[in-house]
Structure formats: C-alpha cells, structure tokens
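Listed here are the chains, written in short residue letters.
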Amino acid sequence: MTSDLSPLIRALTRDEAALAAQVHRQALDARLPWLAGLHTPEEDRGFYRDHLHPRCRMAGLFEAERLQGVIVFADGWIEQLHVLPDAQGRGFGSALLELAQRQCDALQLWTFQRNLPARRFYENRGFIVLRETDGAENEEREPDVLYQWRRQSGAG
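These numbers come from a predicted model, not from an experiment.

A. The arrangement of the packing of aromatic side chains in detail. A full pass over the atoms with the stated rule returns 4 aromatic pairs. Both rings, one in F47 and one in Y48, keep their centres 6.0 Å apart while their planes meet at 85°; by these two values the pair is edge-to-face. Among the residues examined, Y48 registers a relative accessible area of 1% and is labelled buried. When the ring of Y122 is compared with that of F127, the centres are 5.3 Å apart and the planes differ by 65°; the resulting orientation is edge-to-face. Like F127, Y122 is buried. Each member of the aromatic cluster is reached from another via a ring pair, and the members are F121, Y122, F127 and Y147.

Okay, structure coming up:
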C-alpha cells in the first residue's frame, strides 16, 4: 500500500478478496437495497476468494490505505465493478474501468435495468446496450441489461 494520500490501483491478493467482497456488499446494498440480504457476508467472501480470484484479474483502488473500489474482469467481461458509497463521484470507478479498457479491446457486462446511475456511468464511457432481459435467467430475478464497449480503431 502507499503512505501518500493519492489513489493507488493495484492487484488484490487472494487474502484481500474478503475486503473486495465487503466493498461489493456495501456498494450493492446502498445502490440496490431491494437486493440486500440475498447472500451472507461469508457467501460473498467465498465467491470473491474461491470463484472470482482464481479465474479473473482483481484490482483495487486504495486511498489513504483504505480500499475504496474494486474491479474484477477477465476474457472481455467485467464481472464486478464497485466503489464504496462515500467514495462515489470522485473518479474512482472511471479509473478502475480504464484499467480494464487498457487491457481489453472489447468488454461486456451486465447491470440491472433499475440501476440508473450505473447505466449512465457505462453509457457515458462508450458502452452500448446489446440487449435487455426480464431477469428470468439471473439469480436475483431482476430485469437486467447487457452492455458492450469496443476500442475505437486507432485508439491506444
């Protein structure tokens, strides 16, 4: 970690997956309270530690040595992108997203249709809607939307 106050993005270790799960839960519960309690904290930690960490790149944004946000991505998919509620609106989500965009020529992700701030966030960063569903096939049974971003030709 860094001793200075400027944000630092770095890979998260398997042992830090529990911290990432906490950020996920706090952000999700604040933004989507109707989904609170779907999983226990232990299930969240296990999902990050045993499912996501072994197969994805997991990075965290730290400020003043506190994890403020997390991104999990692999094979052209953003699996998770969450920023703590009190850290939102400070460019941390953009910085994490840019990490994935630098490493991938195209990215896809799902978000819930009702999550209007997330939808604006992605659309303002060049993501387009590929399709919307009624939620029948996701665990939450919540209507969702599939987004895609592609690097523009000639962009580095």
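Next comes the rest of the write-up.
B. Just the nonpolar core, in detail. Counting residues in each nonpolar core, the largest one holds 38 residues, and the members touching the most others are Y48, M58, I71, I78, L81, Y122 and F127. It is strand β3 (residues 66-74) that contributes the most residues to this core, 6 residues altogether.

C. Structural context of the pattern of salt bridges. Under the defined criterion, the tally for this structure stands at 13 salt bridges. Measuring nitrogen to oxygen at the nearest pair gives 2.6 Å for the salt bridge that ties R90 to E63. Residue R90 is found in the loop between β4 (77-83) and α3 (92-103), and its partner E63 is found in strand β2 (residues 57-63); the two are separated by 27 residues along the sequence. Salt-bridge contacts for R114 lead to E142; the nearest nitrogen and oxygen are separated by 2.7 Å. Of this pair, R114 sits in the loop between β5 (106-112) and α4 (116-123) while E142 sits in the loop between β6 (128-132) and β7 (144-150), placing them 28 residues apart in sequence. By relative accessible area, E142 is classed as buried at 7%.

What counts and what doesn't
Every chain is numbered independently, its residues counted from 1 as its sequence is written. Given that the model is predicted, a residue must reach a pLDDT of at least 70 before its local features are reported, and side-chain atom pairs must reach 80 or more before they are shown or counted; all residues, however, enter totals for whole chains, interfaces and linings. Excluding hydrogens and water, the side-chain values take into account all heavy atoms of the structure. Ring geometry is summarised as follows: Phe, Tyr and Trp rings, the Trp one being its six-membered ring, pair when their centres sit within 6.5 Å, and such pairs are stacked at plane angles under 30 degrees, edge-to-face over 60 and tilted between the two. Buried means the residue's accessible area, taken with a 1.4 Å probe over protein chains only, is under 20% of the maximum for its type, while exposed means over 50%, and partly exposed covers the values in between. Remark: nonpolar core denotes a set of buried residues (Ala, Val, Leu, Ile, Met, Phe, Trp, Tyr, Cys) joined through side-chain atoms within 4.5 Å. The secondary structure listing takes helices from DSSP runs of H or I that are at least 4 residues long and strands from runs of E that are at least 2 residues long, numbered from the N terminus. What counts as a salt bridge is simple: a side-chain nitrogen of Lys or Arg found within 4 Å of a carboxyl oxygen of Asp or Glu.

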